[in-house]
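A structural walkthrough
Next come the chains, spelled out residue by residue.
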Amino acid sequence: MTGETIATAVPWAARAPGERTLDEHFDEVFDRYFGEIHNYVAQRLGPDHAEDIVAETFLTAFRKRAHYDPSRAGVRAWLYGIATNLIGKQRRLEARTLRALGRFGPDADAPGHEDAVALRVSAQSLRPNLAAALAELDRRDRDVLLLVALAGLSHDEIATALGIPYGTVGSRLSRARRKLRGLLGAHVLEEATHA
């Protein structure tokens with residue numbers, strides 16, 4: 001189940017009296033999570049494509065807000081699920097971006113302060129060798145690994161965001177790490193994921 005599926009699965013009908021709905025404080029959700037979601041998407045697709053995906057993430061969340069069920073997912077995990085689903089639709093772009101970073105590293109002449117910050121974060125997280133190796137991973141394994149490494153989501157949050165069982169998160173993460181170790185060596189992987 002993707003983040004968008006979570007958003008449409010169950011209407012948010014049951015809430016405590018006096019509890020505000022997502023509808024009533026969506027602007028706060030946007031303000032709180034926009035930068036975090038933008039950084040995540042920029043690191044996966046590059047700063048040039050992040051704006052459109054993040055805008056679509058929040059547009060989807062806004063459209064589905066009446067169906068958001070806080071008992072199934074926290075807002076943060078729900079938004080990451082939607083963003084990851086949208087990134088999945090751009091998987092060729094992500095693989096191309098990762099391969100380009102692997103070959104050339106980040107572009108040092110990116111215009112604009114926000115782009116420069118996002119690019120610097122990407123350069124720290126996705127060193128050229130790591131970026132090339134990430135491009136070799138299965139998309140589903142890469143999604144789990146990057147939700148841990150870039151977004152700092154827990155296994156529970158990832159399971160909820162991607163609509164997969166908790167055990168599958170561990171399996172995909174283990175498989176991704178094993179493949180990266182084979183491609184990069186254990187030392188490079190430890191250095192890159194703990195930077």
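No experiment lies behind these values; they were computed from the predicted model shown.

So, on to the overall build of the protein. Regarding its fold elements, the protein presents 11 helices and 0 strands. The helix and strand sequence of the protein, counted from the amino end, reads α-α-α-α-α-α-α-α-α-α-α. Excluding contacts between residues fewer than 6 apart, the proportion of contacts in the protein whose partners are at least 24 apart in sequence is 72%. A total of about 10000 Å² of accessible surface is found on the protein, and carbon and sulfur atoms cover 50% of it.

Let's shift gears to the side chain of Thr57. Here Thr57 is to be found in helix 3 (residues 47-63). The contact partners of Thr57, leaving out residues within four places of it in the chain, are Ile37, Leu79, Ile82, Ala83 and Leu86.

On to helix 2 (residues 26-45). A bend of about 45 degrees at Tyr33 is the largest found in helix 2. Among the residues making up helix 2, those that are buried are Phe26, Val29, Tyr33, Ile37, His38, Tyr40, Val41, Ala42, Gln43, Arg44 and Leu45. Two residues or fewer after helix 2 comes Gly46, characterised by a positive phi angle close to 95 degrees.

Here the idea is simple: oppositely charged side chains can pair when their charged atoms come close. Under the counting rule described, the total for this entry stands at 6 salt bridges. Arg76 is the partner of Glu157 in a salt bridge, and the nearest nitrogen-oxygen pair spans 3.6 Å. Separated by 81 residues along the polypeptide, Glu157 in helix 9 (residues 155-162) and Arg76 in helix 4 (residues 75-88) bring together distant segments of the chain. Judged by relative accessible area, which is 24%, Glu157 ranks as partly exposed. Bridged by salt links that share partners, the residues Glu36, Arg76 and Glu157 form one connected network.

The final tally for this structure, using the stated rule, is 6 aromatic pairs. Ring geometry for Phe30 versus Phe58: centroids 4.9 Å apart, planes at 70 degrees, classification edge-to-face. In this pair, Phe30 sits in helix 2 while Phe58 sits in helix 3, placing the two residues 28 residues apart along the sequence. You can call Phe30 partly exposed: its relative accessible area is 35%. Ring plane angle 80 degrees and centroid distance 5.0 Å describe the contact between Tyr40 and Tyr80, whose orientation is recorded as edge-to-face. With a gap of 40 residues between them, Tyr40 in helix 2 and Tyr80 in helix 4 connect regions that are remote in the sequence. Exposure class is identical for Tyr40 and Tyr80. Each is buried. One aromatic cluster is present, formed by Phe30, Phe34 and Phe58 through successive ring pairs.

Averaged over every residue, the pLDDT of the protein is 76; residues scoring 70 or more account for 66%. A low-confidence stretch, residues 1-19 stays under pLDDT 50, and its non-local contacts, those more than four residues away or across chains, total 48 contacts.

The next point concerns helix 3. In this model helix 3 runs 25 Å from its N-terminal to its C-terminal C-alpha over 17 residues, within 8% of the 24 Å that 1.5 Å per residue would give. When we look at burial in helix 3, the residues that qualify are Pro47, Ala50, Ile53, Val54, Thr57, Phe58, Thr60 and Ala61. Down the axis, helix 3 shows its buried residues gathered within 155 degrees of arc, on one side only. Facing away from the buried surface of helix 3 by more than 90 degrees, the exposed residues are Asp48, Asp52 and Arg63.

The next point concerns the nonpolar core. One broad rule of soluble globular proteins: the nonpolar side chains tend to lie buried together. One finds Ile37, Tyr40, Val41, Leu79, Leu147 and Leu180 to be the most contacted residues of the largest nonpolar core, which totals 45 residues. Every element with two or more residues in this core is listed here: helix 2, helix 3, helix 4, helix 7 (128-136), helix 8 (139-149), helix 9 and helix 10 (166-184). With 9 residues, helix 4 is the single largest residue contributor to this core. Those residues within four positions of Tyr40 in sequence are excluded, and the remaining contacts are Tyr80, Thr84, Ile87, Leu146, Leu147, Leu150 and Ala151.

About the criteria used
- Residues numbered from 1 in each chain as written.
- Predicted model: local features only at pLDDT ≥ 70, side-chain atom pairs only at ≥ 80, totals over all residues.
- Heavy atoms only, no water.
- Helix = DSSP H or I, 4+ residues; strand = E, 2+ residues; numbered from the N terminus.
- Contact = heavy atoms within 4.5 Å.
- Areas by Shrake-Rupley, 256 points an atom, 1.4 Å probe, with all protein chains shown as cover.
- Bend = angle between axes of the 7 residues up to and from the residue.
- Buried < 20%, exposed > 50% of the residue type's maximum accessible area, 1.4 Å probe, protein only.
- Salt bridge = Lys/Arg side-chain N within 4 Å of Asp/Glu carboxyl O.
- Phe/Tyr/Trp six-rings, centres within 6.5 Å; stacked < 30°, edge-to-face > 60°.
- pLDDT = per-residue confidence, 0-100.
- Expected span 1.5 Å × (residues − 1).
- Arc of directions from axis to C-beta.
- Core = buried A, V, L, I, M, F, W, Y, C linked by side-chain atoms within 4.5 Å.

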